[in-house]
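Working through the structure, step by step
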Amino acid sequence: MLIWGLAFLSGRLLLSCRRVQPNPAGVLGYKIVRVAAVLSRQFEAGLSSHGLTATQFSVLAVLAQSPSITAAELARAVLVRPQSIGPVLDQLDELGLISRAPSKGRGYSNPIVISSAGTERLQSAYQAVEAQDGALRGVLGSARYEACLDDMQDIQDEIEGR
């Protein structure tokens, strides 16, 4: 970015130009993306010992809360494109962590449910998530943690227009 300036020196008007390097550290969105990347790596590492990715964990968590949800609804809930949810569901189905109703044909919804093995895996993996979250709470302290949680929810609601 170029910054132009005018200055008077010995009664003469001078025009100056200098290059200013942008500093994204003061941009909230940039900070959130960077923190999210660090937390995401930690989250994935904790879940990998349970044989799950973050997306698979999210799918199981949503299915535990919303039985018989459709693939399109599930994709929206876990923030992936509808085209991306199919392979995730195929993997979870192969692992026996979900079950899907037989296809009724194009245009009909095929509900997806978490299996008992999926519920067990989710509960096991959730312990790793809670441990990571507990460490974060320890770093921030309870009051800052709760404030941060509220702020993040407010930001998400505002961005999503809720």
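A brief look at the structure comes next. On a predicted model such as this, the values are computed, not experimentally measured, just so you know.

As for unusual backbone geometry
The residue leucine 79 is not glycine, and still its phi comes out positive at about 60°. Looking at the element boundaries, leucine 79 is found in the loop between α3 (71-77) and α4 (82-94). By relative accessible area, leucine 79 is classed as exposed at 64%.

So, the pattern of salt bridges
Between side chains of opposite charge, a pair can form as their charged atoms come close. Evaluation of the coordinates by the stated rule reveals three salt bridges. A salt bridge links aspartate 90 to arginine 100; the shortest N-O distance between them is 2.7 Å. Of this pair, aspartate 90 sits in helix α4 while arginine 100 sits in strand β3 (residues 98-100), placing them 10 residues apart in sequence. Assessed through its relative accessible area of 36%, aspartate 90 is described here as partly exposed. For aspartate 93, the salt bridge identified is with arginine 100, shortest N-O distance 3.4 Å. On the accessibility criterion, arginine 100 (32% relative accessible area) is partly exposed. Through salt bridges with shared partners, a single ionic network connects Asp90, Asp93 and Arg100.

Quick look at the nonpolar core
Note on soluble globular proteins: their nonpolar side chains tend to be buried together. Of all hydrophobic cores here, the largest spans 23 residues; its most connected members are Val59, Leu60, Leu63, Leu74 and Leu92. Listing elements by their share of this core, those giving two or more residues are α2 (54-65), α3, α4, β4 (112-114) and α5 (116-140). Setting aside its immediate chain neighbours within four residues, leucine 63 contacts Ile69, Leu74, Ile98, Ile112, Val113 and Ile114.

Remarks on the packing of helix α1 (residues 28-48) against α5
The relative placement of two packed helices is expressed as an angle between their axes plus a distance between the axes. The geometry of α1 relative to α5 is characterised by a closest axis approach of 9 Å and an angle of 145° between their N-to-C directions. Taken as a pair, α1 and α5 cross one another with a handedness that is right-handed. Between α1 and α5, the contacting residues are Leu39, Gln42, Phe43, Gly46 and Leu47 on the first element and Ala125, Ala128, Val129, Gln132 and Leu136 on the second.

What about the side chain of serine 115?
Examined against the element boundaries, serine 115 turns out to sit in the loop between β4 and α5. Residue classification places serine 115 among the buried positions, given a relative accessible area of 16%. At 2.6 Å, the side chain of serine 115 forms a polar contact with the backbone oxygen of glycine 96.

A short note on the packing of aromatic side chains
The tally for this structure, following the rule as stated, stands at two aromatic pairs. Their ring planes at 85° and their centres at 5.7 Å tell us that phenylalanine 43 and phenylalanine 57 sit as a pair that is edge-to-face. Of this pair, phenylalanine 43 sits in helix α1 while phenylalanine 57 sits in helix α2; the two residues are 14 residues apart in sequence, bridging distant segments of the chain. Look at phenylalanine 57 and tyrosine 126: their rings are 6.4 Å apart centre to centre, the planes differ by 10°, and that puts the pair in the stacked class. Of the two residues, phenylalanine 57 is situated in helix α2 and tyrosine 126 in helix α5; the sequence distance between them amounts to 69 residues. Here phenylalanine 57 falls in the buried class, since its relative accessible area comes to 7%.

Digging into a negative patch on the surface
A surface patch of like charges, here negative, comprises Asp150, Asp151, Asp154 and Glu158. One can find aspartate 151 in helix α6 (residues 142-160).

What counts and how
- Residues numbered from 1 in each chain as written.
- Predicted model: local features only at pLDDT ≥ 70, side-chain atom pairs only at ≥ 80, totals over all residues.
- Heavy atoms only, no water.
- Helix = DSSP H or I, 4+ residues; strand = E, 2+ residues; numbered from the N terminus.
- Buried < 20%, exposed > 50% of the residue type's maximum accessible area, 1.4 Å probe, protein only.
- Salt bridge = Lys/Arg side-chain N within 4 Å of Asp/Glu carboxyl O.
- Core = buried A, V, L, I, M, F, W, Y, C linked by side-chain atoms within 4.5 Å.
- Contact = heavy atoms within 4.5 Å.
- Axes fitted to C-alpha atoms, helices over the stretch in contact; angles between N-to-C directions.
- Left-handed = near helix turned anticlockwise from the far one by under 90°.
- Polar contact = N/O pair within 3.5 Å; in protein donor to acceptor, adjacent residues only side chain to side chain.
- Phe/Tyr/Trp six-rings, centres within 6.5 Å; stacked < 30°, edge-to-face > 60°.
- Patch = residues over 30% accessible without salt bridge, like charges linked within 9 Å, V, L, I, M, F, W, Y side chains within 5 Å.
- Areas by Shrake-Rupley, 256 points an atom, 1.4 Å probe, with all protein chains shown as cover.
- Lys, Arg positive; Asp, Glu negative; His and termini not counted.
- Charge placed at Lys NZ, Arg CZ, Asp CG, Glu CD.

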